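Each chain, written out:
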Amino acid sequence: LTLTPAAEPVPALKYTLLPGSTERTSGNGATNYYRAILHAQQVHSSASKQDRDGFNEHLQEWYDTPLQDLSPADKRAMEKWVGYYRNALAETRQAAYREECHFNLRLQDLRGMDTVEFLLHDFQESRSLARVLRLRARLEVADGKLDEALETVRVGLQLGRDTAEPELLINGLIGIAIAGMMQDELIEIIDQPGSPNLYWALASLPHPLVDMRRGMRFEMELPERMFPFLKDAETAQRTSEEWQKLMVESLNHITDLASTQSRVPEWQSRLIATAGLAMIYADAKKRLLDDGFDRDVLEKMPVAQVVAIQASRAQKRVYHNVFKWTSLPYSQQGTRAEDSFKAMTAEWGGPGQMTAADPLLLARLLLPGVQQAMGAEIRLQENFAALQAIETLRMHAAAHGGKLPKTLAEITIVPVPVNPATDKPFAYELNDGVATLTIPPVGSQPAALGKIYVIRMEAK
């Protein structure tokens, strides 16, 4: 980055990165988003094959090429593609400025395999809207229209937040991906000569911008949503045959979910389930007795019900022991969720049976996604904090003759944000007038997800 000094704007909160309450209009933005998605889908039929192929071939190049190196032909092609989306983007802006956004997916009604097979291609299409918003912002920055570029970014950030409104992890991840695209354009805006200082605009964003915890809660309830018999295993009155049938169905559902093999015939899955229940019945019974379950009551229960009760209790224990750590700030979580799951795996041992009776099977399939989701959330926060830290450098330089500070501790005009992943200052060095600000990858994420900003400060 080659930055110019910039004091805080007057008034200080002149710039915002989300629509404010007085700017919003009445209504539900979900309606406009669906209209935007329909307009976007029509682009594929109205655009020429040559334009579609050119977009797919050159999109990443248009993102990566430095603005000053974009050729006139590239800019014309970008403008043409943005033009195809003019109606979709107009609806997206209207949606972003609505007073509320509720998609009303009726997630609480989902049970069984519907829980994991619920289609979300409409939300995936939100990525297409975000890609074009990013293209438009790049064009506006290239033309020196920074206020218009900021407005485009505002719409994009609100799109990311609204996409994450349903309490599903995938919606949160899509919202984070969209917000990440807008972060890239904020960097370009900050890098332009004479760009306004966005310290307070960044400080005013919700923390986190996209909150994954609602999705976490839904995810924690997945075992009982997928296999409702786990919820009432201790109180339900079913025959041995009914409990056996439930276990057979669970085998087939788990096979579908794991996608490791084709579904076996019902007679074969019944044999497998029967053999599996016989293998784990004794252990399930022992664990329940150790937990204080009444022996006389337990002895009268069908084998499959005993296994279901233990599976229900174990599922709760595993999920709660992992998910409790997501309630803490990321800097306090560390690897404790992962360590907790490893400890549970060691306690239960082995791969378990391919039924809902295995207390770890669903956890092994679903919990890695939970850990990735938390990493994505904190990475987004980390990058916003880094941009805010960069703006402290510009504010400091504006008050100190255009000079960068030797250390972040020298900055006193405003607080320098710390890295939310660690609650410690970002690594910063100044050598021969060139500064580096390092944003490390979160936890065990690959090094490619970290960033190093190389910063020079020029006079206005």
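Residues numbered from 1 in each chain as written. Predicted model: local features only at pLDDT ≥ 70, side-chain atom pairs only at ≥ 80, totals over all residues. Heavy atoms only, no water.

1. Focus: the packing of aromatic side chains
In this description, a pair of aromatic rings is defined by centroid distance and the angle of the planes. As enumerated under the stated definition, the model contains 11 aromatic pairs in all. Where Trp81 meets Tyr84, the ring centres are 5.4 Å apart and the plane angle is 70°; that geometry is what we call edge-to-face. Here Trp81 pairs with Tyr84, and both are found in helix α3 (residues 72-84), just 3 residues apart, close to one helical turn. With 6.3 Å between their ring centres and 85° between their planes, Phe229 and Trp243 make a pair best called edge-to-face. On the criterion of sequence distance, the pair formed by Phe229 in the loop between α12 (222-226) and α13 (240-258) and Trp243 in helix α13 is long-range, its members being 14 residues apart. On the accessibility criterion, Phe229 (6% relative accessible area) is buried. Within the aromatic cluster, the residues linked to one another by ring pairs are Phe55, Trp62, Trp81, Tyr84 and Tyr85. Lying over the aromatic face of Tyr97, Arg93 brings its terminal NZ or CZ to 4.4 Å of the ring centre. Across the ring face of Trp243, the terminal group of Arg238 is positioned such that the distance to the ring centre comes to 4.7 Å. (Phe/Tyr/Trp six-rings, centres within 6.5 Å; stacked < 30°, edge-to-face > 60°. Helix = DSSP H or I, 4+ residues; strand = E, 2+ residues; numbered from the N terminus. Buried < 20%, exposed > 50% of the residue type's maximum accessible area, 1.4 Å probe, protein only. Lys NZ or Arg CZ within 6 Å of the ring centre and 35° of its normal.)

2. With respect to the side chain of Glu377
One can find Glu377 in helix α19 (residues 361-399). The buried category is assigned to Glu377, whose relative accessible area is 3%. Among the polar contacts made by the side chain of Glu377, one reaches the main-chain amide nitrogen of Met212 at a distance of 2.8 Å. Those residues in contact with Glu377 that sit more than four places away from it in its chain are Ile176, Pro208, Val210, Asp211, Met212 and Arg213. (Polar contact = N/O pair within 3.5 Å; in protein donor to acceptor, adjacent residues only side chain to side chain. Contact = heavy atoms within 4.5 Å.)

3. Observations regarding the pattern of salt bridges
When their charged atoms lie close together, side chains carrying opposite charge are able to pair. Using the criterion set out here, one finds 22 salt bridges in the structure. When salt bridges that share partners are traced, they join Glu23, Arg93, Glu151 and Arg154 into one network. (Salt bridge = Lys/Arg side-chain N within 4 Å of Asp/Glu carboxyl O.)

4. With respect to the sheet that holds strand β4 (residues 427-431)
Sheet strands pair by backbone hydrogen bonding; their relative direction is either parallel or antiparallel. The mixed open sheet is built from 4 strands, whose spatial order is β1-β6-β5-β4. Both outer strands of the open sheet, β1 (2-3) and β4, are each paired with one neighbouring strand and no more. Across 5 bridges, the pairing between β4 and strand β5 (residues 434-439) is antiparallel. Bridging across to β5, Glu429 finds its partner in Thr436. (Pairing = 2+ DSSP bridges.)

5. Digging into the environment of Arg225
Take Arg225: it is sitting in helix α12. Along the backbone, Arg225 and Asp114 are 111 residues apart, and their C-alpha atoms lie at a distance of 9.2 Å. One polar contact links Arg225 to Glu221, side chain to side chain, over a distance of 2.8 Å.

6. Some remarks on the pairing of β5
Of the two faces of β5, only the one carrying Ala435, Leu437 and Ile439 is buried; Val434, Thr436 and Thr438 on the other face are not. Connecting β4 to the next strand, β5, in antiparallel fashion are 2 residues, including Asp432 with a positive phi near 55°. By the bridge criterion, 5 bridges tie β5 to strand β6 (residues 451-457) in an arrangement that is antiparallel. Its bridge partner being in β6, Ala435 is matched across the sheet by Ile455.

7. A short note on the nonpolar core
Ranked by size, the top nonpolar core spans 107 residues in total, and within it Leu135, Leu157, Leu186, Leu209, Leu437, Tyr453 and Ile455 carry the most contacts. Counting residues per element, this core draws most heavily on α19, which supplies 14 residues. Setting aside residues no more than four positions away along its own chain, Tyr453 makes contact with Leu1, Ile187, Ala386, Leu387, Ile390, Ala435, Thr436, Leu437 and Ile439. (Core = buried A, V, L, I, M, F, W, Y, C linked by side-chain atoms within 4.5 Å.)

8. Some remarks on the environment of Arg217
Inspection of the secondary structure assignment puts Arg217 in helix α11 (residues 213-220). Separated by 48 residues in sequence, Arg217 and Leu169 have C-alpha atoms that sit 9.5 Å apart.

9. A look at the confidence of the model for the protein chain
Considering every residue of the protein chain, the mean pLDDT works out to 87; 89% of them sit at 70 or more. Confidence over residues 350-356 falls short of pLDDT 50; this stretch has 25 contacts with residues more than four positions distant or in other chains. (pLDDT = per-residue confidence, 0-100.)

10. Comments concerning the environment of Val306
Relative to the elements of secondary structure, Val306 occurs in helix α16 (residues 303-323). Relative accessible area serves as the criterion here: at 0%, Val306 is assigned to the buried category. Setting aside residues no more than four positions away along its own chain, Val306 makes contact with Tyr281, Ala284, Lys285, Leu288, Leu298 and Met301.

11. Details of the packing of helix α2 (residues 49-64) against helix α7 (residues 126-142)
The N-to-C vectors of α2 and α7 enclose an angle of 50°; their axes lie 11 Å apart at closest approach. When the axis of α2 is compared with that of α7, the two are oblique. Judged by the sense of rotation from one axis to the other, the crossing of α2 with α7 is left-handed. From α2, Phe55, Leu59, Trp62, Tyr63 and Asp64 reach across to α7, where they touch Arg131, Arg134, Leu135 and Arg138. Considering only residue class, the contact of α2 with α7 consists of 5 nonpolar, no polar and 4 charged. (Axes fitted to C-alpha atoms, helices over the stretch in contact; angles between N-to-C directions. Parallel < 35°, antiparallel > 145°, perpendicular 65-115°, else oblique. Left-handed = near helix turned anticlockwise from the far one by under 90°. Nonpolar A, V, L, I, M, F, W, Y, C, P; charged D, E, K, R; others polar.)

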